[in-house]
Each structure stands twice: as C-alpha cells, then as structure tokens.
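Summary of structural features
Each chain, written out:
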Amino acid sequence: MIRECILTTVCATGDPHIAPLGIIARGEEAGAGWTIAPFHPSTTLTNLRQTGIAVANYTDDVLIFAGCLTGRRDWPLLPVGGYPVPRLAGALAHDVLVVDALEDDEIRPRFHCRVAASGQHAPFEGMNRARAAVLELAILVSRLHMLPPDKIAAEIAYLSIAVDKTAGPRERLAWDWLMARVADHAGG
Ligand SMILES: Cc1cc2nc3c(=O)[nH]c(=O)nc-3n(C[C@H](O)[C@H](O)[C@H](O)COP(=O)(O)O)c2cc1C
C-alpha cells in the first residue's frame, strides 16, 4: 500500500525542503513503518542521506501537491517538538519517520523507516473525486518526460470529467497550475 504525502526533510544545515512522495507500507499491521523511495538525484534523497529523518504530512489539500510540482514550494511550516524536521502547517496529521536501514541503489535507494512520533491536527472531511483526479494529474505531470503525448491526452480527458463535476475553487486552481505545466511541456 502506498500513501501519497508531502514529505518534509532538512539538509545538514537545517534548511527545510518539501516534496510530494508516495511512502510504501512495510507490512500489513499498523506501526510496521514506511519505506521512502526517492529517485536519484533529488533533494529529498540528499537530505535523507545526511539526516536520516523526515516528516510525512498527510493532507487532502491538492493545491499543495500541485504547488510543489509547479515551483510553489513556500507552504507554511511549523516545528515538531523534539525533532529537527518541521511539519506542514496545513497537515491533517503527520508521522515523524526515522530511517532504520538504507537499501542503496543507483536509481532508487530505499529508506526503511519507523514511526518515531505522530500528530493529529484537523479532521478529514471526506472523499472528493476532483481531489483524486488532481492527485492523478500531479503524478502524470511528474512523469511527463516519460509518457507519450496520446497517453497524456487520454488521461487528462478522463480526469477532467471528475474535476468539471465535483471541484471547488482550490481543486480548480490546482488543476489549472498543473495544466499550465502540461501546456509548457507540449509547447517545448
Ligand atoms: C503523488 C506523488 C507521488 C510521488 N512519489 C514519488 C516517489 O515515491 N519517489 C520520487 O522520487 N518521486 C516521487 N514523486 C515526484 C517528486 O515529488 C518530485 O520528483 C520531487 O521534485 C522530488 O524531488 P526533490 O526532492 O528534488 O524535490 C511523486 C510526485 C507526486 C505528485
């Protein structure tokens, strides 16, 4: 099972970095931990190697996912007591992930983590199809360089149905930010 989150990390001198990442469940039972698998090269990967700690921020605000993929990474952060890595102020909940073991790999190293601490901050208010569609578009945008144009067009045509029917203003803005990136890619 993969949980899509916004991962916060810090570099050796403490500067924070945020990026959307899917964390992979290490086992079926609760508390078995999570594996973080960043592709090489990335800031998240460098930070994890240097510090061995991350915060997984759980949020249903797809504007943050879309923002991170479109150069808008300046989302408010808050300190997490007892740990050097901040959390997203807008997170509904978070887990502090501490690296127990590194499975090194030239393409995609795997950091196996335990949950060292957790926090709950706001209620989850239910599922929304447009949010799910924006999340899918975010993943598509992060892979534009690997996908053929007809596949991109077909996926967008399908995902746009849910956005047209069920989006609020935040989901529409997130969709527009990502679609601008798709247009740039097609134009370039
Ligand atoms: C929902 C979602 C899940 C993602 N999961 C991963 C992942 O597991 N590994 C990865 O390397 N990139 C993943 N990405 C792409 C990263 O967010 C993107 O490459 C990011 O810029 C990481 O690089 P950075 O640490 O240098 O910012 C994902 C993107 C999205 C939208």
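Structure report, in brief. (Residues numbered from 1 in each chain as written. Predicted model: local features only at pLDDT ≥ 70, side-chain atom pairs only at ≥ 80, totals over all residues. Heavy atoms only, no water.)

**Some remarks on the sheet that holds strand 1 (residues 2–10)**
What counts, and what does not: A pair of strands is labelled paired if DSSP reports no fewer than 2 bridges between them. Helical segments are the DSSP runs of H or I of at least four residues, strand segments are the runs of E of at least two, and each set is numbered from the N terminus. Helix axes are fitted to C-alpha atoms over the stretch in contact, other axes to C-alpha atoms as well, and angles between N-to-C directions run from 0 to 180 degrees.
Taken together, the six strands give a closed barrel; going around it, the order is 1-2-3-8-7-4, and neighbouring strands pair in antiparallel fashion. Neighbour-to-neighbour, the strand axes of the sheet open up by a mean angle of 40°, direction not taken into account. As paired strands, strand 1 and strand 2 (residues 16–25) are joined by nine bridges and run antiparallel to one another. Counterpart to Leu7 in the pairing with strand 2 is Ala19.

**Re the nonpolar core**
Counted only if it meets this: Side-chain atoms within 4.5 Å link the members of a nonpolar core, which is a set of buried Ala, Val, Leu, Ile, Met, Phe, Trp, Tyr and Cys residues. The rule is simple: take the accessible area with a 1.4 Å probe, protein chains only, and divide by the maximum for that residue type; under 20% is buried, over 50% is exposed, in between is partly exposed. Note on contacts: a residue pair qualifies if any of its non-hydrogen atoms lie within 4.5 Å across the two residues.
Core analysis: the biggest nonpolar cluster contains 30 residues, and Trp75 and Leu137 have the highest contact counts within it. Per element, the largest residue contribution to this core is seven residues, and it comes from helix 3 (residues 129–142). Not counting the four nearest positions on each side in its chain, Trp75 is found in contact with Ile18, Leu63, Ile64, Gly67, Cys68, Leu88, Arg170 and Trp177. Listed in part, the 16 residues of the second largest apolar core include Leu45, Leu97, Phe111 and Cys113.

**Quick word on the packing of helix 2 (residues 62–69) against helix 5 (residues 169–187)**
So the rule is basically this: Angular relationships are summarised with four words: roughly parallel below 35 degrees, roughly antiparallel beyond 145, roughly perpendicular across 65 to 115, and oblique for the angles in between. With the far helix as reference, a near helix turned anticlockwise by less than a right angle produces a left-handed crossing, and one turned clockwise produces a right-handed crossing. Each residue is assigned to one class: nonpolar for Ala, Val, Leu, Ile, Met, Phe, Trp, Tyr, Cys and Pro, charged for Asp, Glu, Lys and Arg, and polar for all the others, Gly among them.
Interhelical geometry of helix 2 versus helix 5 gives an angle of 20° and a closest axis separation of 8 Å. On the basis of their axis angle, the class for helix 2 and helix 5 is roughly parallel. The two elements helix 2 and helix 5 meet at a crossing, and its hand is left-handed. Between helix 2 and helix 5, the residues in contact are Val62, Leu63, Ala66, Gly67 and Leu69 and Arg170, Glu171, Leu173, Ala174, Trp177, Leu178 and Arg181, respectively. Residues of the contact of helix 2 with helix 5, tallied by class, amount to eight nonpolar, one polar and three charged.

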